[in-house]
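Descriptive structure summary
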Amino acid sequence: MDNPTEILSFVMGAAALMPLLGACLWFWIGKKFGNEKVAEKIVSVGAVSFMAVSFFCVLYTFLNVEGSARVTFFEWIRFNSKSAVNFAFLLDPLSLTLGLVVTGIGTLIHLYASGYMHGDPGFGRFFTYLNLFVFSMLMLTFSDSLVGVFLGWEGVGLCSYFLISFWFSEEENANAGKKAFIVNRIGDLGFLIAMCALFKVFGTLNIPELLAAVQAGSLTPDQLFWIKIACFGLVLGATGKSAQIPLYVWLPDAMAGPTPVSALIHAATMVTAGVYLTCRMQPLFLLNLEILEILAFIGGLTAIFAASIAIFQNDIKKVLAYSTISQLGFMFLAVGLIAPVAAFFHLITHACFKALLFLGAGSVIHGLHHEQDMRHMGGIRKKMPLTFWTVTIGVFAIAGIPPLSGFVSKDEILHFTWHSHRWWLIMFAFTTAFLTSFYMGRLWVMTFFGKFRGHHEAHESPVSMTAVLIVLAILSAIAGALNWPELWGGSERLNEYLRAVVSQAAGEHTEEAFYSSLKLAGISSLVGIAGLTLAWFRYRNFAGEEFKAPIFRIFKNKYYIDEIYDFAVVQNLKRIGYALWKGVDGFVIDGFLNGCASVSTKASLRFRRLQTGMTQQYALWVWIGFLLLLFGAWSLR
Amino acid sequence: MLNENYLLVLVLFPFIATLIVAFTRGNAVSWVSISLAAIYFVIALLGFSVKELHYTAVWYAPLGLSYGFYLDAYSYFLILLSAFLTLISLYYSRGVIHEKLAAYHALFHALQATVVACLLCDDLVFFYVFWEAMLIPMYFIIGIWGGPRRIYATMKFFLFTFAGSLLMLIGLIATYVMYYKGTGQWSSSFHSLLEYYQAHPLSVETQRWIFLSFIISFAIKVPLFPFHTWLPDAHVEAPTAGSVILAGVLLKMGTYGLMRFAVPLFPEAAAHYAMPLCLLSVIGIILGALVAWRQTDIKKLIAYSSVSHLGFVTLGIFMMTEIGWNGAYLQMINHGISTGALFLLVGFLYDQRHTRDISAYGGLAKILPAYSVVLAIIAFSSVALPGTNGFIGELLIVIGSFQSKVASWGWVVAASTAAVLGAIYMLHLVQKICYGKNQDPQNEQLYDFRFREWVIYIPLVALVFIIGFYPEWLLGPVREKTMQIFSTIPQHLR
């Protein structure tokens, strides 16, 4: 293996196959040994070390690939003599960045989960799904063809389905999993249509060839039409996977899964797939600026919409779920404003601090014996100091307090929004920033301050969990350095790195720009501090009262969107299904057939009467027949 | 290298097996029958490297009748599927069926014999004979070992398909006579007919009539909406193994007929009717999926899902694109594997609990973990999850159809909603059986997979993934064959 590509393909193959191999192993061990102590040890050590190996493989590639590279494993589907898709990886800045996030955060969450899931009868099964998820996510990230991405795309949806309904004995969990899968599939339909449209135009589904063909220019109006269709499809796919309006409804319910799952899948990695996809296919979108406009609007609207719901949630995980939807909205806002690097930057920082927040929430839930309602928490900062301090960093990061990571990345998005001069987007973005810090402050205060309102005595979580919290807290604090603006003396390393594959308007380096950016940063941090302060005063002495006015019921019930969907779509589909079955199949088709059958039965009953058995009558019929024949012969003459 | 004698072995072996099994008595029946099926499967496997084989012997020269057999990729993989599913169904039936054992096994071998003969036939007269003959063993299998409403079901099944076959007979005779009128010679060899009609196409008007007579017969077999109502009834009443072969093999004869005879012989007529047929396919896809969702009988649910899946196959065919045809062929095989497995999985529960009511189960993932895993894998292969066999077929059909000139891409979008609807009914099924709380204390007594079940399901599950990750072994030969057929279809019709 002297050839560098051979080494790369070996390393990346290992990176992807380790989790897959793990998935098979843990399943087998879990089945074979049940939930014995030894089995649990083997599975937890194995799963974490496999993930670590995978992480280091990606890291190795990251450090050794200059620009971009492609490694091909084998041919998968051949469409015709000219075109085929392979199992192949595209290693470029975009995919390697996401790959590092996935395996890095993934390793940490595996470690955390080994403590969190301790003693669960489905221990082996859990790590099977989790590792399978990482495999799918790596396929999604690295595949060099849209079909390969789709494999990962649906694969993560599958694992998400299994993990949400992990405790499947509760009907509710099973329903949540099913809902997630089906809603995601609606988005996947868009993805599928996009693939069809692109294949129609370019006759290939390999991403580099597609993008090269798009960038080569000289496209006919017809081709542009299909590219537009493809963009619509991809946007639909992205709204499904990344929980944006109108397909966000599955994510809050997905909190039925174990908390590490919510952290890994429903905050840090899978839900960012839509952002990744839209960045990856950016050249297509650049031909359809109006679709980018729509995307920005969807993102902005989702951000403010979800944030407004988050304020009224009492389940700690639901608050974080709506917060995730809202933050993803920020990322789409950035993608829509042609600021993919900003979106990616926020994706990375969000992965750190949201994973931290979820895992912190998990630690609280674990410490309070599966209590998730914040009304029954409070004042536990003394009992769980490590959890408290790490979550505090997470809260401050997401609220946008400088110089934590969330501040830097959010500020960049706000900066782009400001300069887009679209007043509604600016309004959405700044209001959301305020609401975010408010509901996060609310969560923080209700959980850790005031009087304890719960039932069980709180206790700090085991080291495997708190250690992860500490690492993530450090990352959440310093991740901003990745792309610290040049205007403020940073190096914008991420910007430089990603610019090779995505395009984003370059910032100005004038004194004027410096002051304007400083002004904006000032406003955004003030907004963040204001939200936190307001929450502090509102909830410091929380004793159970909440907003009572009827108008708030709309927020509390999430604008009744679930009910509206159920009423307008699900129930009607059920009715149509029933009507087709009983009406079309039963009444029309079988009715017609049975009608034919009964007509012929009745007719045969009539004709049977001719068979009387009387010879004279038969003779009469013979005579009549003979006459008729004669008449016939005569008339034909 | 195998020569034409291989074809004779392929055709004659199941007939001989039928006779042997029919005259075996006592405890040996099952094992003799299963061994014969296994040997046949191995024989079928041997032909893997064969690209094309042709055998002809004169039967009655004045009328141009011959014993013609022809093997290519299209017929080969269906024969392989048939041999595989027959072997598995017979193995499954051991210990399940106790009455009239010799007759039961003999009928399955007879079914295999007629199916293989029908697939290999190069002579239209033979084709018709075996096409009709296929009905008879299935008629008895459902009628003797079937459920309580088996008489109604067999009547419906028989009358439906038989009515279609008679129409086809008229079409076949017309094809035969037209050839005589044109050349002054009699021939019923498919190849000479094909060659002739390609060189001298019939007038469009005539083509359309003959094509219609073919299409109704094939559409009933597939079944295409609105000819599908016999299928749920037949499946519900059929014994498990009967359902497996019915769904896995017999339905494919309809789509095979379309790809082999109807479209290549009368491309102009096919193009003329393609649009309405695509519409029927799309209706079938959506109707099948929605109705499947509302079923409480598990077998009926799967039967309606078949209607939906085969709608995809016919859509791929009538959209008249090469990629779509490859997808359609692959989807035929996939449907045989997935739906066959689903029927076996239902049978596994039915044999123990004697009910197919979906609400009788629940929470089985706790009681039957292995069963639940296999059910989930097969269910996801049925909803075409990437990485499983179903995905490759569906992707090719959708991508191919999207480029078609026959109908607007909007239809493909409508058909693709089945991706969502399929997930709805399949996850509904999985959830009701495996998740939630156990609904009935009787379920606690259920046993999980034993050796026998693993023997059945390991190959099926393996195939799901083998085709899902490396379809080329199947797709390659099929692609070549499709290319060959399409090279004979005029450019403006594709």
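Above this text sits the structure in question.
Report on the accompanying structure. (Residues numbered from 1 in each chain as written. Chains lettered and ligands numbered in written order. Predicted model: local features only at pLDDT ≥ 70, side-chain atom pairs only at ≥ 80, totals over all residues.)

**Here we look at the overall build of chain A**
Assigned secondary structure in chain A consists of 24 helices and 2 strands. Projected onto its principal axes, the C-alpha coordinates of chain A cover approximately 115 × 65 × 55 Å. The proportion of buried residues among the 637 residues of chain A is 55%. Across chain A, contacts joining residues at least 24 apart in sequence account for 81% of those joining residues at least 6 apart. (Helix = DSSP H or I, 4+ residues; strand = E, 2+ residues; numbered from the N terminus. Buried ≥ 20, exposed ≤ 12 C-beta atoms within 10 Å, placed from the backbone. Contact = placed C-beta atoms within 7 Å.)

**Focus on the overall build of chain B**
Tallying secondary structure elements over chain B gives 20 helices and 2 strands in all. C-alpha atoms of chain B, sized along the principal axes, occupy 75 × 55 × 45 Å. Partitioning the intrachain contacts of chain B with sequence separation of at least 6 by distance along the chain shows that 81% fall at a separation of at least 24.

**Section: the nonpolar core**
Membership of the largest hydrophobic core comes to 420 residues, with the highest contact counts inside it found for Met195, Leu198, Ala334 and Ala355 of chain A together with Leu120 and Ala262 of chain B. With 18 residues, helix H6 (residues 171-202) of chain A is the largest single contributor of residues to this core. Non-local contacts of Ala334 of chain A, meaning those with residues more than four positions away in its chain, are made with Ala339, Ala342, Ala343, His346, Ile413 and Phe416 of chain A. (Core = buried A, V, L, I, M, F, W, Y, C linked by C-beta atoms within 7 Å.)

**Details of helix H17 (residues 405-420) of chain A**
In this model, H17 of chain A (16 residues) spans 23 Å end to end at C-alpha, consistent with the 22 Å of a helix rising 1.5 Å per residue. In the segment just after H17 of chain A, His421 of chain A is the residue with positive phi, at about 60°. (Expected span 1.5 Å × (residues − 1).)

**So, the packing of helix H10 (residues 259-268) of chain A against helix H15 (residues 340-367) of chain A**
All names here are of chain A. Where H10 contacts H15, the axes come no closer than 9 Å and their chain directions differ by 160°. Judged by the angle between their axes, H10 and H15 are roughly antiparallel. H15 is crossed by H10, and the crossing has right-handed handedness. Counting all contacts with H10, which are made through Thr259, Pro260, Ser262, Ala263, Ala267 and Ala268, the residues of H15 involved are Ala351, Lys354, Ala355, Phe358, Leu359, Ala361, Gly362 and Ile365. Its residues placed into classes, the contact of H10 with H15 shows 10 nonpolar, 3 polar and 1 charged. (Axes fitted to C-alpha atoms, helices over the stretch in contact; angles between N-to-C directions. Parallel < 35°, antiparallel > 145°, perpendicular 65-115°, else oblique. Left-handed = near helix turned anticlockwise from the far one by under 90°. Nonpolar A, V, L, I, M, F, W, Y, C, P; charged D, E, K, R; others polar.)

**A look at unusual backbone geometry**
The amide bond that connects Val222 of chain B to the next residue, Pro223 of chain B, takes the cis arrangement and shows omega of -10°. With respect to the secondary-structure elements, Pro223 of chain B resides in the loop between helix H9 (204-221) and helix H10 (230-237). For Ala243 of chain A, which is not a glycine, the phi torsion comes out positive at approximately 55°. By the secondary structure assignment, Ala243 of chain A is in the loop between helix H8 (221-241) and helix H9 (250-253).

**Details of the packing of helix H1 (residues 4-33) of chain A against helix H4 (residues 123-142) of chain A**
All names here are of chain A. The contact between H1 and H4 brings their axes to 7 Å, and the two run at 160°. Relative to H4, the element H1 is oriented roughly antiparallel. For the crossing formed where H1 meets H4, the hand is left-handed. Contacts from Met12, Ala15, Ala16, Pro19, Leu20, Gly22, Ala23, Trp26, Phe27, Ile29, Gly30 and Lys31 of H1 reach H4 at Phe123, Gly124, Arg125, Phe127, Thr128, Asn131, Leu132, Val134, Phe135, Leu138, Met139 and Phe142.

**Here's the deal with the pairing of strand E1 (residues 69-78) of chain A**
Residue and element names in this part refer to chain A. Pairing between E1 and strand E2 (residues 84-91): 8 bridges, direction antiparallel. In the sheet register, Thr72 faces E2, and the bridge partner there is Ala88. Hairpin remark: E1 followed by E2, antiparallel, with 5 residues in the connecting loop. (Pairing = 2+ DSSP bridges.)

**Quick look at helix H11 (residues 273-280) of chain A**
Here H11 of chain A lies mainly inside the structure; 8 of its 8 residues are buried. Considered for burial, the residues of H11 of chain A that qualify are Ala273, Gly274, Val275, Tyr276, Leu277, Thr278, Cys279 and Arg280 of chain A.

**A few points about the interface of chain B and chain A**
Listed by partner, the interface residues are 38 residues for chain B and 40 residues for chain A. Listing elements by their share of the side of chain B that touches chain A, those giving two or more residues are helix H12 (267-293), helix H14 (322-353), helix H17 (389-402), helix H18 (409-434) and helix H20 (472-486) of chain B. No other element matches H18 of chain B, which puts 10 residues into the side of chain B that touches chain A.

**Regarding the environment of Gln431 of chain B**
If you trace the backbone, Gln431 of chain B turns up in helix H18. What makes Gln431 of chain B buried here is the crowd of 20 C-beta atoms within 10 Å. As for Gln431 of chain B and Gly363 of chain B, which are separated by 68 residues in sequence, their C-alpha atoms are 8.2 Å apart. Excluding its chain neighbours within four sequence positions, the residues that come into contact with Gln431 of chain B are Ala174 and Lys178 of chain A together with Gly436 of chain B.

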